[in-house]
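# Fold and contact review
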Amino acid sequence: MTAKLTRLSFLALPLAATMAFGAATAQADDWQPTSSVEFIAPANPGGGWDTLVRTTSRVIQEEGLAERNFAAINTPGGGGAVAWAQIARDDGNPHKIFATSPPIILVPLAGTSRYDHNDFTPIARLITDYSIVLVPADSEYQSLNDLMEAMAADTSLSVGGGSAPGSMDHISIAGLASAAGLNASDVNYIPFSGGGEAMTNLMGGHVEAVITGAGEAAGQLGEGSDIRALGVSAPERLSGSLADVPTYLEQDIDYTFDIWRGVMGTPDMPEEAVAYYENLFAEMLETDGWADARDQLGWLDAYQDSEEFGDFLDAQKEQFSEVLSELGLLGD
Amino acid sequence: MEAFNNLMYGFGIALEPMNIAYVFFGVFAGTIIGMLPGLGPISALALMIPITFAMEPASGLILMAGVYYGAIFGGSTSSILLNAPGVAGTVATSFDGYPLAKQGMAGKALAIAAYSSFIGGTVSIIFLMLVAPLLGKVAVSFGPAEYFALMVLGLTAVVSLSDKSLVKGLIAAVVGVMISIIGIDLQTGTERYTFGAAHLLDGIDFLVVALGIFALAEVFYMLLRGGGGKEQPRNAIGSLKLTGRECRDIAAPIGRSSILGFFTGVLPGAGATIGSFLGYSMEKRLAKDGDTFGKGNIKGVAAPEAANNAACTGSFVPLLTLGVPGSGTTAVLLGALLVMGVTPGPAMIESRPDVFWGVIASMYIGNLFLLVLNLPLIPLIAKILDMPRPLLLALILIFCMIGVYGMSFSVFDLLLLLGFGLLGLGMRLFGFPAAPLILALILGAIMEESMRRALQISGGDWSIFIDKPISMWLLIIAVLSLVLPLAKKAIAGVRARA
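Residues numbered from 1 in each chain as written. Chains lettered and ligands numbered in written order. Predicted model: local features only at pLDDT ≥ 70, side-chain atom pairs only at ≥ 80, totals over all residues. Heavy atoms only, no water.

### Observations concerning the overall build of chain A
In terms of helices and strands, chain A carries 13 helices and 10 strands. Radius of gyration (C-alpha) of chain A: 21 Å, near the 20 Å computed for a compact globule of 332 residues. Dimensions of chain A along its principal axes, counting C-alpha atoms only, are 75 × 45 × 30 Å. Scored against the burial criterion, the 332 residues of chain A give a buried share of 59%. Taking the contacts inside chain A whose residues are at least 6 apart along the sequence as the reference set, 78% of them involve residues at least 24 apart. (Helix = DSSP H or I, 4+ residues; strand = E, 2+ residues; numbered from the N terminus. Rg over C-alpha atoms; globule rule 2.2 N^0.38 Å. Buried < 20%, exposed > 50% of the residue type's maximum accessible area, 1.4 Å probe, protein only. Contact = heavy atoms within 4.5 Å.)

Next comes the structure, spelled out in structure tokens:
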């Protein structure tokens, strides 16, 4: 009831609200959580969303950025769909936010979630990772173009990935193949239940190539490693152990792919609450504690505020729909 | 010699006073978490990540590893006393542990579980220390075809697990496979058996089924038969002491299961649960008194307990040497290590020897703590059986519900738990064995996924399963283990007629 009233006063009847609740407007610029904030990871402990939620909550707390506690909550199920359905019912609640990434667009497109990014309030994009194409160290393929030519000649060439068909890794490699002049559906994509499992299968020689997150692969590359990287989907070269890996663009394939992660809020979250979280996360990205954690996890800052993030999500949806329809995986 | 020096270096780290405290706290917390049905090591470890962040990486991993193997150690307690598996890895322990407790030998069963766990854990630490660097190769040699063959071999145990009627055992196994299929199919992204329910998209958690079919069904069964005072009193805990004969009986099963468990743990994706089932069914087939398995055979407690602890230690091999997690629990550990600034992988043994050897040495200490901690506690914990029947039943019910709700915070899962309780009750009333269902549920999903993955890689060519030597040998052993008992019977029949 309170949530409803708040929404009504700030969105539908701003003028009336100013007159009726003068005090509330005075606070509007400077909204603060009045209870602890539920920060939801729509998955089990251990995954990407969970790591993001726990890391950001910890940094916010350690750096003393918020008065109130940020409580990490796991709501697993349906690749996110269970949590989204719960959050969608909580409209206007300013104390509930959740971690998000491409599945908020891909899962609804595949037809297994009734809710998509338009049902929630974008708060901020925080970080990004990129895709990386890996082959065994002794593989005959020396460049991405070698691999693409081989894939064009033999459509049964197996490429493993860490997620189901139609989800991130698959879209990433299918889009790459398409940009290199192949049919997206010519990729023999073998789904594994995680990037780690895909990489062990690559080391054992069970698949010929693997596409996974660059951050996840970084620890596996380097001297004496059993695997080798052919390219990353970033617009520019990455740093650290990935500095030697050429981008797709350098190899004349005009294609980039972001595995972004960010934060969204309940449907119709009050504007001043959105502003509060926007600022909070922007501030958090500037701290040393964040810099340490980010570097260790192989993430890259990619901040966008609420409005930019919203536009970005719309653009992503368009891009993903195209690849999915080419693959024949677009749901209803 | 080098291994010895390394180990001494490791003990130097593990024996620092703070690290001893961490090991102790870890295994103690783990034991408690393990005893509570449903509450598993994964959520406990995820909660600990913020605590370990500020620690030295070696100390943090020592603490978290302690929680993990402590939970597997403690999980047997509720399996044996309440028929309510504390963690997934101890489901097989309840097959014989619970009958033993009902026969007034709870003390003995718990003691055997503690000794077997200790030996299984210790044996596999020695393996971990000596061969871990070489085992990376073994871990990656298993691809989809090999996993399929291993799961087929595991499933042949259905025959030995269905005691009276093979047909009923097979029916139970098929139901198990069907339950394992529920959810989004990883191979195609299609929903199967979900009826549009978002809660079913990720499938049904194994522990919900196990708690329903074992613990809840037992509660319902006792209720059906009335509070009846006719039954023999359950309040006898019995002695903890093992006779010399019993020690000899369980020595070989513990040894074999420790080794089997360790190698199962090394394979990414297999882990403690599958290890314990493989150990149990192997011993059931090898034992001369195999027909008494499931009715309270001490070997049936020793084998899965040795195997699950060995597998738990084994699962550190892919984590520490390859940097890839083999299970949900080790995935959380990997995340924690990354946050602490350590990247596990082939280079870690050289770059962070303190973490690698410190953790291994701490495991010796932790296992010793577990034994010393658990043995004196057995008479106290087993007192739970002295409780009046109505209280005990209510307690089991509450534990199961808290456990299931604590996993997912979902009321839907509570309804599922109830449903599986009723299914389990029906199965008991009509003489369907529960073990094949559980086995098929664990193995079915991996079997199906691996088969289709292998065929997708080979372009639909079935010869991939016999072209690969490991896969071929596993399949041959599977066929033999099905055919040999039949052949034996046939020969015995011919002889009897002659």
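### Details of the overall build of chain B
Counting its secondary structure elements, chain B contains 22 helices and 2 strands. For 498 residues, the compact-globule estimate of 2.2 N^0.38 gives 23 Å, and chain B sits close to it at 22 Å. Taken along its principal axes, the extent of the C-alpha atoms in chain B is 65 × 60 × 55 Å. When each of the 498 residues of chain B is scored for burial, the buried share is 58%. Relative to all contacts within chain B whose residues are 6 or more apart in sequence, the contacts with residues 24 or more apart total 79%. Averaging the locations of the 29 positively and 26 negatively charged side chains of chain B gives two centres separated by 14 Å. (Lys, Arg positive; Asp, Glu negative; His and termini not counted. Charge placed at Lys NZ, Arg CZ, Asp CG, Glu CD.)

### Topic: the layout of surface pockets
Residue and element names in this part refer to chain B. Considering only enclosed or pocket space, the second largest pocket measures out at about 1300 Å³ in volume. Taken together, 37 residues make up the lining of the second largest pocket; nearest its centre are Ser-160, Ser-281, Arg-285, Ser-481 and Pro-485. When contributions to the lining of the second largest pocket are tallied by element, the ones reaching two or more residues are α7 (144–155), α8 (157–161), α11 (244–266), α12 (271–286) and α22 (469–497). Take the lining of the second largest pocket: its biggest share by element is 9 residues, from α22. (1 Å grid on protein atoms, 1.4 Å probe; cavity = no way out; pocket = protein on both sides within 12 Å on 5 of 7 lines; lining within 4 Å. Points joined across faces, edges and corners; volume = space filled by probe spheres on them.)

### A closer look at the interface of chain B and chain A
Note: interface size is frequently given as the accessible area lost on complex formation between the parts. Tallying the contact residues gives 37 residues for chain B and 38 residues for chain A. Here chain B and chain A share an interface that buries about 3100 Å² over both sides, 62% of which is from carbon and sulfur atoms. It is Val-140, Leu-186 and Ile-457 of chain B that lose the most area in chain B upon contact with chain A, and together they represent 17% of the buried surface on that side. In this assembly, chain B and chain A are joined by 1 salt bridge. One salt bridge in this structure joins Glu-197 of chain A and Arg-453 of chain B, with 3.0 Å as the shortest N-O distance. (Buried area = accessible area lost by both parts, 1.4 Å probe. Salt bridge = Lys/Arg side-chain N within 4 Å of Asp/Glu carboxyl O.)

### Quick word on unusual backbone geometry
One non-glycine residue, Asp-268 of chain A, lies in the positive phi region at around 50 degrees. Of note, Asn-83 of chain B is a non-glycine position whose phi angle comes to about 65 degrees, a positive value. Along the polypeptide, Asn-83 of chain B turns up in the loop between α4 (57–82) and α5 (91–102).

### As for the confidence of the model for chain A
All names here are of chain A. Mean pLDDT for chain A: 85, with 91% of residues reaching 70 or above. For chain A, the element scoring lowest by mean pLDDT is helix α1 (residues 2–12), at 36; strand β3 (residues 96–100) scores highest, at 95. Counted against residues more than four places away or in other chains, residues 1–28, with its pLDDT under 50, gives 18 contacts. (pLDDT = per-residue confidence, 0-100.)

### Some thoughts on the confidence of the model for chain B
In this model, chain B carries a mean pLDDT of 86, and residues with pLDDT of at least 70 account for 97%. For the stretch residues 228–232 of chain B, pLDDT sits under 50, and the model shows 5 contacts to residues farther than four places along the chain or on other chains.

### Some thoughts on the environment of Ser-239 of chain B
Residue and element names in this part refer to chain B. Tracing the backbone through its elements, the reader meets Ser-239 in the loop between α10 (206–224) and α11. Residues Ser-239 and Lys-108, spaced 131 residues apart in sequence, show a C-alpha to C-alpha distance of 6.1 Å. If near-sequence neighbours (up to four positions away) are discounted, Ser-239 is found in contact with Gly-107 and Lys-108.

### What to know about the side chain of Thr-212 of chain A
Within the fold, Thr-212 of chain A resides in strand β7 (residues 209–213). Apart from residues lying up to four places away in sequence, Thr-212 of chain A is in contact with Tyr-130, Ser-131, Ile-132, Leu-134, Asp-169, Gly-195, Met-199 and Ala-217 of chain A.

### Things to note about empty space enclosed by the protein
Residues and elements named next belong to chain B. Enumeration according to the criterion identifies 4 cavities of 30 Å³ or more in this entry. One number sums up the size of the largest cavity: a volume of about 80 Å³. Contributing to the lining of the largest cavity are Met-35, Phe-73, Ser-76, Thr-77, Leu-110, Ala-113, Ala-114, Asn-374, Ile-378 and Ile-381. Secondary-structure elements contributing two or more residues to the lining of the largest cavity are α4, α6 (106–141) and α17 (353–382). Residue composition of the lining of the largest cavity, by class: 7 nonpolar, 3 polar and no charged. (Nonpolar A, V, L, I, M, F, W, Y, C, P; charged D, E, K, R; others polar.)

### Examining the packing of aromatic side chains
For the coordinates displayed, the defined rule picks out 27 aromatic pairs over all chains. A centroid spacing of 6.2 Å and a plane angle of 5 degrees characterise the contact between Tyr-248 of chain A and Tyr-255 of chain A, whose relative ring orientation is stacked. With relative accessibility at 0%, the residue Tyr-248 of chain A sits in the buried group. Arranged with centres 5.4 Å apart and planes meeting at 85 degrees, the rings of Phe-24 of chain B and Phe-369 of chain B form a pair that is edge-to-face. Taken together, the positions of Phe-24 of chain B in helix α2 (residues 17–35) and Phe-369 of chain B in helix α17 put the pair 345 residues apart, joining distant regions of the chain. Taking relative accessible area as the criterion, Phe-24 of chain B reaches 37% and is therefore assigned partly exposed. What makes Phe-369 of chain B partly exposed here is its relative accessible area of 24%. Each member of the aromatic cluster is reached from another via a ring pair, and the members are Phe-95, Phe-214, Phe-277, Tyr-280 and Phe-293 of chain B. (Phe/Tyr/Trp six-rings, centres within 6.5 Å; stacked < 30°, edge-to-face > 60°.)

### Digging into helix α6 (residues 103–110) of chain A
Residue and element names in this part refer to chain A. Extensive coverage of α6 is indicated by the burial of 7 of its 8 residues. Each element contacted by the buried residues of α6 is listed here: α4 (48–62), α5 (81–88), β3, α8 (168–179), β9 (258–265) and α13 (306–327). Directly beyond the C-terminal end of α6, a positive phi value near 90 degrees is found at Gly-111.

### Here we look at the packing of α4 of chain B against α17 of chain B
Residue and element names in this part refer to chain B. Relative orientation of the contacting elements α4 and α17 amounts to 30 degrees, with a least axis distance of 9 Å. Taken as axis vectors, α4 and α17 run roughly parallel relative to one another. Regarding α4 and α17, the two cross each other, and that crossing is right-handed. Looking at the contact of α4 with α17 residue by residue, the classes come out as 15 nonpolar, 7 polar and 1 charged. (Axes fitted to C-alpha atoms, helices over the stretch in contact; angles between N-to-C directions. Parallel < 35°, antiparallel > 145°, perpendicular 65-115°, else oblique. Left-handed = near helix turned anticlockwise from the far one by under 90°.)

### So, the nonpolar core
Residues and elements named next belong to chain B. Residues Ile-204, Val-209 and Ile-438 are the most contacted members of the largest nonpolar core, which totals 95 residues. Sorting elements by how many residues they give to this core places α10 first, with 13 residues. Excluding residues within four positions of it along the chain, Val-209 makes contact with Ile-179, Ile-204, Phe-420, Leu-437, Ile-438 and Leu-441. With 89 residues, the next largest nonpolar core counts Phe-11, Tyr-69, Val-87 and Met-348 among its residues. (Core = buried A, V, L, I, M, F, W, Y, C linked by side-chain atoms within 4.5 Å.)

### Side note on the domain arrangement of chain A
All names here are of chain A. The assigned domain composition of chain A is domain 1 (2–23 + 36–128 + 259–327) and domain 2 (129–258). Summarising the inter-unit geometry, the C-alpha centres of domain 1 and domain 2 are found 29 Å apart. Taken together, the 15 residues of domain 1 in the interface contact 20 residues of domain 2. Summed over both sides, the interface of domain 1 with domain 2 buries roughly 1500 Å², with 68% coming from carbon and sulfur. Run the count over domain 1 and domain 2 and you get 0 salt bridges. The tally of links between domain 1 and domain 2 comes to 2 residue pairs in polar contact (both at pLDDT 80 or more). For the side of domain 1 that touches domain 2, the secondary structure elements donating two or more residues are α6, β4 (121–136), β9 and α13. At 6 residues, α13 tops the list of elements feeding residues into the side of domain 1 that touches domain 2. Tallied by class, the residues present in the side of domain 1 that touches domain 2 amount to 10 nonpolar, 3 polar and 2 charged. (Domains from an automatic or database assignment. Polar contact = N/O pair within 3.5 Å; in protein donor to acceptor, adjacent residues only side chain to side chain.)

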